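# Working through the structure, step by step
Residue strings, one per chain:
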Amino acid sequence: MISTLKPNLKLLSSELIQQIVAEAYIVLEKQGVFVENTEALALLRDAGMQVDSSSQRAHLTNALVQKCLSTTPETISIFDRTGTQEYIVGGDEVHFDPGSAAVTILDHKTQTQRKATTQDVIQFFRITDSLPYLDFQSTGLISGDVPDIISDSYRLYLGLQFCNKPIVTGTFRVEGFKSMFEMLSAVRGGPSALAEKPLAIFDACPSPALKWSNLTTQSLIDCARAGIPSELISMGMTGATSPVTITGTLVQHVAENLCRLVICQLAEKGAPVIFGGSPSSFDMRKGTTPMGAIETMMIDSGYAQIAKSLNLPTHAYMSLSDSKLNDSQAGLETGIGAVLAALSGINVISGPGMLDFESCQSLEKLVIDNEICAMALRLVKGVEQRDDPIATHLFEGFTADTQFLSNPHTRQWYRQEHIFPDIIDRDTYDYWATLGGKSMPTRAAEKVEELLKNHPPNLLEQNVRENLKSIMYADAKENGLDVLPDLGY
Amino acid sequence: MTKNELWEKIKHSIIDGNKVDAVALAQEAVDLKVDLTEVIESGYVPGIQKVGDMWENGEYFLPELITSAECMKAAMDILQPEMEKIHIKAHTQGRVIIGTITGDIHDIGKNLVSSLLSANGFDVIDLGADVKLEDFIQTAQDREADLICVSALLTTTMLGQRRLIELLREQELYDRFKIMVGGAPVNRQWAQDIGAHGYAENAMTAVKAAKDLL
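Thresholds, definitions, all that
- Residues numbered from 1 in each chain as written.
- Chains lettered and ligands numbered in written order.
- Predicted model: local features only at pLDDT ≥ 70, side-chain atom pairs only at ≥ 80, totals over all residues.
- Heavy atoms only, no water.
- Buried < 20%, exposed > 50% of the residue type's maximum accessible area, 1.4 Å probe, protein only.
- Helix = DSSP H or I, 4+ residues; strand = E, 2+ residues; numbered from the N terminus.
- Pairing = 2+ DSSP bridges.
- Axes fitted to C-alpha atoms, helices over the stretch in contact; angles between N-to-C directions.
- Parallel < 35°, antiparallel > 145°, perpendicular 65-115°, else oblique.
- Left-handed = near helix turned anticlockwise from the far one by under 90°.
- Contact = heavy atoms within 4.5 Å.
- Nonpolar A, V, L, I, M, F, W, Y, C, P; charged D, E, K, R; others polar.
- Salt bridge = Lys/Arg side-chain N within 4 Å of Asp/Glu carboxyl O.
- Patch = residues over 30% accessible without salt bridge, like charges linked within 9 Å, V, L, I, M, F, W, Y side chains within 5 Å.
- Areas by Shrake-Rupley, 256 points an atom, 1.4 Å probe, with all protein chains shown as cover.
- Buried area = accessible area lost by both parts, 1.4 Å probe.
- Polar contact = N/O pair within 3.5 Å; in protein donor to acceptor, adjacent residues only side chain to side chain.
- Domains from an automatic or database assignment.

Here we take up the pairing of strand β5 (residues 86–89) of chain A. Residues and elements named next belong to chain A. Side chains Tyr87 and Val89 of β5 all project onto a buried face; the interleaved residues Glu86 and Ile88 project onto a face where none is buried. Direction of pairing for strand β4 (residues 76–79) relative to β5: antiparallel, over a ladder of four bridges. Looking across to β5, one finds that Ser77 is bridged to Ile88. Where β4 folds back onto β5 in an antiparallel hairpin, the turn is made up of six residues, including Gly83, whose phi is positive at roughly 80°.

In C-alpha cells, the structure reads:
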C-alpha cells in the first residue's frame, strides 16, 4: 500500500521562520520582557540573566532560551478522568475542545445573551461529555450565580464532576491554583498520580506587549512544579498591542511564548509546555478583536508552524466565531477555522461553541461545531489507499446493470471512508418539510434537549465528589461564602 | 438442527447480508422437505423485517439494506419454483410493475425500490430503464398488476409520468391500477398535481407507501 499523505498547511517558508525566531531572540535579549513576579525574576537572575528589579525587566540570552527549549518535552500525554484514555498532545495530533471562559450563554429561547447559571454550566459540561468529536472539555463557561472571586475554581469543580474528558482550564487569581490543584489531585488520587497522568491543561495569558502579569507567571511556576501542562496564550492584537504586520506580530508572539517557556523550565526542568495563543487581527474600524478573521487564523497557523519547527506541542483559539447568533457567519467562520487549524496540525484547538469574540458560549453551537470538527478531522486523515489493486477487480464482469450498493466492497469500506453527520441536513426537500422545515439552530436546540434527556450525567464517583465539595467549600469560605448553588444530583 | 435453529440461521443470513448462506439454507430447506411457506414466514420475513427496523433506527444504511434485499431475492429464486412445483402460491403483498420512464436511463433509484419491494413480499416485474409508456400499460394489463411504479431522474423525463396517467385516463384504466411515482426531481406536490396515488422519496418509504396503497 502507498502511504497516506497527511494534508498539511504551511504558510511560512523555512527562511521566514528562521528570521522570525532570530528576531524574537534579539527582542528577548535587547529589549527584554516585563515579569511582574518576584519568584520568576529570581529564577531568571539565578540563571545568570540581567534583571532590573525596580522595573521588573529581564533580558534573556539566546543560550538560555535554547537550553530551555532542549529540556521542553516534544509531546505530552494527557488522560481522561478515569485515567484510562490517553491523548497525545504533540506532532500533528488534532484535538478539539470548547472555547474557554465565556462570560455569557446564548439563551436559545430568547436569542439573547445572559449570564449563565450553575445549571447552564452543568448542561454545558454534560453536552461536551456527549459529543464524540470533542476530545477535551474546557471550563468554557462561567457561572454568574457565584461571586467572581471563586469563579475559576468553581467551573473546574463542575467540569470534573460532570464530564469525563481531559480539561483545559486556568486560574483567574493567584490563590485559585491551590484549590484547583487539590481538586485535580483528588480525582487522580494524589499529586504524584496527577503528575504521572495529567488531567488538565492550564491556560496562561500575558498582558501584551512583552509583559507577564503576576497571576500568569505564578500559574506557570505552579503548574511546572505540579507537572501540569501550561498553555502559553500570547495575544497580540495587530497594530494595537503588537506590530500590525502578520510577521511582526509573529515575532512578538514567539518572543513572549519563549520567555514563558524559559520561566517554566527554570521552575522545573522538563515541565510540559504547549505553545499556544489567542492573537487577533485588530479591526481598525470597530476597535474589536475578530477571532473569525482570516488574518487571525493566518497568525495562528503561522505561529503553530514556528512552534513545530521548535519541536513544541501547539494550541490555538480557532473554530469559533464573532457572530452573536447561530447564523451563517457563525458557521462559516467556525468551519474555516476548524479546517485551517486541523490542516495546520494544531494539537489543542479551542473554539467550538464560542461566539462574540470569545465571550459567549452556545450549547446549540457546540453541537453544530461538533459536526464541523468531524469534517475537519476526516479531512486530515487524508486519502488512504484501502486495496491493492485499488479498484480494477471491482470492475470484473462489469455490465450495464452493475451497481456498487450491494457490492461487499461497499459495505467493507463505506463507514471508514465517509462520515455521517447527525444534524447537518441532507434530506430531500419533502422529507425536510415533513419534519417541520427546521433551520440548523432549531435542529441543534432539539439535539441539545435530546442529549440532555438521553445522555445521563457522567458523574464522578460519589466519594470523590464529596472530596471536591469540601475543597470547593473551603475555598468559598476563605472568600466569605458559606453557601453555593445546589447541583441537583 | 431444529426448526427454530434453522429459522435463526436464515434470519441471520438476511440480517448479515450473507448471500451464500441465504441461498444454501433455502436449498437445505428444500432438501429437508420443510414446509416452505413456514420457511419464508418464520425465517426470511423476520430477517428482512429486522433489517427494516435497523434502517429505521439508523443502524443500517443503503448498502446493508440492498444487500439484504438481494439475499432475500436469491433465496426466493430457490424457494418459489419449488413451491410452484407442488402448487403452493407464495403469499404476496401484490403485483408491481416497475420501471424508469422513457428517455431516462438512470435506474439506481428504481433498482433500490424494486429490490426492496421484492424483499418485502411484493411480486415485482421490473421492466428496466427507458421504458415506453405503452409498455407499462400493456404489461400491467397482461400481468394483472395492482401497482405501477414509475421512476424519473430528470426534470424533462418526469413529464412522462404525467403523460402516463393521462394515457391511463384516456384508456379508462386509471381506476384499475394504483400509480406510484418517484425519482430525484419528483415531490409530493408533483405527485398530487398529476394524479398519482402514491409517492415515495426513498426506497424504504416506497415499501410503506406500496403497502398503504394495496
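Our focus in this paragraph is the packing of helix α3 (residues 62–71) of chain A against helix α9 (residues 246–267) of chain A. Residues and elements named next belong to chain A. Running from N to C, α3 and α9 point in directions that differ by 65°, and their axes come no closer than 9 Å. Here α9 runs roughly perpendicular to α3, going by the angle between their axes. In this structure, the crossing between α3 and α9 has a hand that is left-handed. On α9, the residues touching Leu64, Val65, Cys68, Leu69 and Thr71 of α3 are Leu258, Leu261, Val262, Gln265 and Leu266. Split into classes, the residues belonging to the contact of α3 with α9 amount to eight nonpolar, two polar and no charged.

What follows is about the pattern of salt bridges. Using the criterion set out here, one finds 27 salt bridges over all chains in the structure. A:Lys477 is the partner of A:Asp482 in a salt bridge, and the nearest nitrogen-oxygen pair spans 3.2 Å. On the basis of relative accessible area, A:Asp482 is assigned to the exposed category, the value being 55%. Among the ionic pairs, B:Arg163 bridges to B:Glu170, the shortest N-O distance being 3.4 Å.

A word on a nonpolar patch on the surface. All names here are of chain A. On the surface, Leu11, Ile294, Met298, Leu332 and Ile336 cluster together to form a nonpolar patch covering roughly 400 Å² of accessible area. Elements supplying a minimum of two residues to the nonpolar patch: α10 (294–309) and α11 (328–343). On the secondary structure map, Leu11 appears in the segment before α1 (14–30). A residue is classified by how much of its surface remains accessible, and Leu11, at 39% relative accessible area, is partly exposed.

Time to look at the interface of chain A and chain B. Tallying the contact residues gives eleven residues for chain A and 18 residues for chain B. Summing both partners gives a buried area of about 1300 Å² for chain A against chain B, and 52% of it is carried by carbon and sulfur. By the criterion of area lost to chain B, the three top residues of chain A are A:Leu405, A:Arg411 and A:Asp430, representing 48% of everything that side buries. Taken together, the links from chain A to chain B amount to one salt bridge. Notably, a salt bridge pairs B:Glu64 with A:Arg415, separated by 3.3 Å at the nearest N-O pair. Our count for the contact surface shared by chain A and chain B stands at eleven residue pairs in polar contact (both at pLDDT 80 or more).

This brings us to the packing of helix α1 (residues 3–15) of chain B against helix α2 (residues 19–31) of chain B. Residues and elements named next belong to chain B. The N-to-C vectors of α1 and α2 enclose an angle of 150°; their axes lie 8 Å apart at closest approach. The two elements α1 and α2 meet at a crossing, and its hand is left-handed. For the pair α1 and α2, the contacting residues are Leu6, Lys9, Ile10, Ser13 and Ile14 in the first and Asp21, Ala22 and Leu25 in the second. Considered class by class, the residues forming the contact of α1 with α2 number five nonpolar, one polar and two charged.

Time to look at the sheet that holds strand β16 (residues 348–350) of chain A. All names here are of chain A. Strand order in this open sheet of three strands is β6-β16-β15, and the pairing throughout is parallel. Among the strands making up the open sheet, the edge pair consists of β6 (95–97) and β15 (315–317). Neighbour-to-neighbour, the strand axes of this sheet turn through a mean angle of 20°, independent of strand direction. Here β6 pairs with β16 via three bridges, running parallel. Across the sheet, His95 pairs through a bridge with Val348, a residue of β16.

Residue and element names in this part refer to chain A. Structurally, the position occupied by Met375 is in helix α12 (residues 363–381). The spatial distance from the C-alpha of Met375 to the C-alpha of Phe420 is 9.6 Å, given a sequence separation of 45 residues. Ignoring sequence-local partners within four residues, the contact set of Met375 consists of Ile419 and Ile424.

Residue and element names in this part refer to chain B. Per the domain assignment, the segments of chain B are domain 1 (3–85) and domain 2 (95–213). For domain 1 versus domain 2, the separation of C-alpha centres amounts to 26 Å. Each partner contributes to the interface: domain 1 provides nine residues, whereas domain 2 provides seven residues. Overall, the association of domain 1 and domain 2 removes approximately 750 Å² of surface from exposure, summing both partners, and the carbon and sulfur fraction of that is 79%. If you look at where domain 1 meets domain 2, you find zero salt bridges. Taken together, the connections running from domain 1 to domain 2 amount to zero residue pairs in polar contact (both at pLDDT 80 or more). Of all the elements in the fold, those that place two or more residues in the side of domain 1 that touches domain 2 are α3 (36–56) and α4 (62–85). When residues in the side of domain 1 that touches domain 2 are grouped by element, the largest group, six residues, is from α4. Tallied by class, residues from the side of domain 1 that touches domain 2 come to seven nonpolar, one polar and one charged.

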